[in-house]
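Understanding the architecture of this molecule
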Amino acid sequence: MKKLLYIFIVVLVATSCAPTLPTKMATYKNLYEEKPLSILVLPPINRSTKVEAKELFYSSLAVPFTLKGYYVMPPLLAMEILKEESAYDAEMFLNSSMIQVGELFGVDAVLFTTIHEWTKTAIASQIRVKIEYMLKSAKTDQILFNRIGDVTLSTSMNTGNVFADLIGGMVSTALTQEIVVGRNCNIYTLGDIPAGKYSPNFGQDGQEPAQPKEFKATVSR
Amino acid sequence: MRKFFLILVLGFAATACSVTKPLYDWKGYDQAVYAYTKSGSEQSVSNLIKVYTKLIENSGGSRNVPPPGVCADYGYLLIQKGEIAKGKELLVKETVLYPESKVFVDRILKRFE
């Protein structure tokens, strides 16, 4: 009996601690210090060849942040104002200070997203997106979160990855495949951001392991 | 000993399997806002309004309040449609639910004074 217990504990420890990933506290130190609550999502920077990717992807960014406990500025209204302020092209101020923008909108942080890749291969019926997410403080200009998601949606095969299959199934099938893959990329990549103030886990996830900077996944549907 | 083992297993099972409700239930928002951004057609607008109404009147989720941005975006949509009073009311509601939106939303409200 005692032996069994030891085995059980050893297995438990081994499975939970096997990869020596740094903690979230160490990886996202600036974010834990600043505790941002409100986020302004800037229009995505589109470096892919897919022209309409920008507007369509933009509307998918608010939901995952709210589910993590953050406040996101009303997306449709914010987009109107950003256009009025000639801030539709976020690439222009990628390296500028965000403090003034922060004061104008009354936000703690701004989110830059860069669509590096948005391609469809007809042969393997795959869609691949590679998106970078960078949350920048509107108080100190520090980088609070910077992650890259590289997600391929395969329409023909099963991934063999239970977790990926589960997430693939979570996203509604009524959406077009191209938007499904963008949303999957959000779920994977933003899943690692520490909990925000509206979450019951706020301030309690610092010792959890942080995922690597670049996420790569293949999902099926 | 056996009892201890059982407690350990039960404890592990409880922490591993407790399904937590998401903070908000976004209902059909994803599809509705996607269709609205893509086409902007009459039908996509009325469908988005239907979703907004559900999100406000029957919020659900563990917080059971309208999710961030919903009241403000809906309010602004109504203002554009000419329903100024109801629209403004919703914008104010956003600032009550989420005080961190006040700086931004008040600037919008000023335009319709």
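Residues numbered from 1 in each chain as written. Chains lettered and ligands numbered in written order. Predicted model: local features only at pLDDT ≥ 70, side-chain atom pairs only at ≥ 80, totals over all residues.

Here we look at the overall build of chain A
The condition that has to hold: Under the scheme used here, helices are H or I runs from DSSP no shorter than 4 residues and strands are E runs no shorter than 2 residues, and both carry numbers assigned from the N terminus. Put plainly, a residue is buried at 20 or more neighbouring C-beta atoms within 10 Å of its own, exposed at 12 or fewer, and partly exposed in between, counting only other residues' C-beta atoms, which are placed from the backbone. A pair of residues counts as a contact when their C-beta atoms, built from backbone coordinates, are within 7 Å of each other.
Secondary structure assignment for chain A yields 9 helices and 7 strands. Taking all 221 residues of chain A together, the buried fraction comes to 41%. In chain A, the share of contacts with a sequence separation of at least 24, taken over all contacts with a separation of at least 6, comes to 75%.

Notes on the overall build of chain B
A count of helices and strands for chain B gives 6 helices and 0 strands. The N-to-C order of helical and strand elements in chain B reads α-α-α-α-α-α. Residues counted as buried form 34% of the 113 residues belonging to chain B. Counting only contacts in chain B whose residues sit at least 6 apart along the sequence, the fraction spanning at least 24 positions is 39%.

Looking at the nonpolar core
Generally speaking, a soluble globular protein has its nonpolar side chains buried in company with each other. Short version of the rule: As used throughout, a nonpolar core is a set of buried Ala, Val, Leu, Ile, Met, Phe, Trp, Tyr and Cys residues joined through C-beta atoms within 7 Å of each other.
Residues Ile39(A), Leu40(A), Val41(A), Val110(A) and Leu111(A) are the most contacted members of the largest nonpolar core, which totals 80 residues. The contacts of Val41(A), once residues within four sequence positions are left out, are Tyr58(A), Leu61(A), Ala62(A), Val72(A), Pro75(A), Ala78(A) and Leu111(A).

What about unusual backbone geometry?
Residues and elements named next belong to chain A. With phi around 45°, Lys35 is a residue other than glycine that occupies positive phi space. Checked against the element boundaries, Lys35 lands in the loop between α3 (29-34) and β1 (38-41). Taking the number of C-beta atoms within 10 Å as the measure of exposure, Lys35 has 13 and is therefore partly exposed. Here Asp141, not a glycine, exhibits a phi torsion of approximately 65°, which is positive. Relative to the helices and strands, Asp141 is located in the loop between β5 (126-137) and β6 (143-154). The partly exposed category is assigned to Asp141, around which 14 C-beta atoms lie within 10 Å.

Overview of the confidence of the model for chain B
In plain terms, the rule: Values of pLDDT, the confidence the predictor places in each residue, fall between 0 and 100.
Residue-level pLDDT values for chain B average 88, and 83% of them are 70 or greater. Helix α1 (residues 2-17) of chain B is the least confidently modelled element of chain B, averaging 54 in pLDDT, while helix α5 (residues 84-97) of chain B averages 98, the highest of any element.

Points about helix α6 (residues 102-110) of chain B
Three or four residues apart is the spacing at which side chains of an α-helix point the same way, because the helix has 3.6 residues per turn. The test is simple: In this context, the arc is that of the directions from the helix axis out to the C-beta atoms.
Along α6(B), the residues that are buried comprise Phe104(B), Val105(B) and Ile108(B). With its buried residues spanning 90° around the axis, α6(B) presents them on a single face. On its buried face, α6(B) is in contact with α6 (75-84) and α7 (99-105) of chain A together with α4 (70-80) and α5 of chain B.

As for the interface of chain B and chain A
Listed as interface residues are 28 residues of chain B and, on the opposing side, 29 residues of chain A. A total of 7 residues in the side of chain B that touches chain A trace back to one element, the largest contributor, which is helix α2 (residues 29-38) of chain B.

Section: the environment of Asn146(A)
Relative to the helices and strands, Asn146(A) resides in strand β6. Along the backbone, Asn146(A) and Phe112(A) are 34 residues apart, and their C-alpha atoms lie at a distance of 9.4 Å.

Focus on the pairing of β1(A)
All names here are of chain A. The line we're drawing: A pair of strands is labelled paired if DSSP reports no fewer than 2 bridges between them.
Here β1 shows two buried faces, one formed by Ser38 and Leu40 and the other by Ile39 and Val41. Two elements, β1 and strand β3 (residues 71-72), share 2 bridges in a ladder whose sense is parallel. Bridge pairing links Ser38 to Tyr71 in β3.

Some points on the confidence of the model for chain A
Looking at chain A, the pLDDT average stands at 85 and 81% of residues meet or exceed 70. In the predicted structure, residues 169-174 of chain A sits below a pLDDT of 50 and forms 6 contacts with residues beyond four places in sequence or in another chain.

Notes on the packing of α6(A) against α4(B)
Using the following cut-off: Angular values range over 0 to 180 degrees, each being the angle between N-to-C directions of two axes fitted as lines to C-alpha atoms, with helices fitted over their stretch in contact. Convention used here: angles under 35 degrees read as roughly parallel, angles over 145 as roughly antiparallel, angles from 65 to 115 as roughly perpendicular, and any remaining angle as oblique. Throughout, the ten residues Ala, Val, Leu, Ile, Met, Phe, Trp, Tyr, Cys and Pro are labelled nonpolar, Asp, Glu, Lys and Arg are labelled charged, and all others, Gly among them, are labelled polar.
Where α6(A) meets α4(B), the axes come as close as 7 Å, and the angle between the chain directions of the two elements is 60°. Considering their axes alone, α6(A) and α4(B) lie oblique with respect to each other. On the side of α6(A), the interface is formed by Pro75(A), Leu76(A) and Leu77(A), while α4(B) contributes Ala72(B), Asp73(B) and Tyr76(B). Looking at the contact of α6(A) with α4(B), its residues break down into 5 nonpolar, no polar and 1 charged.

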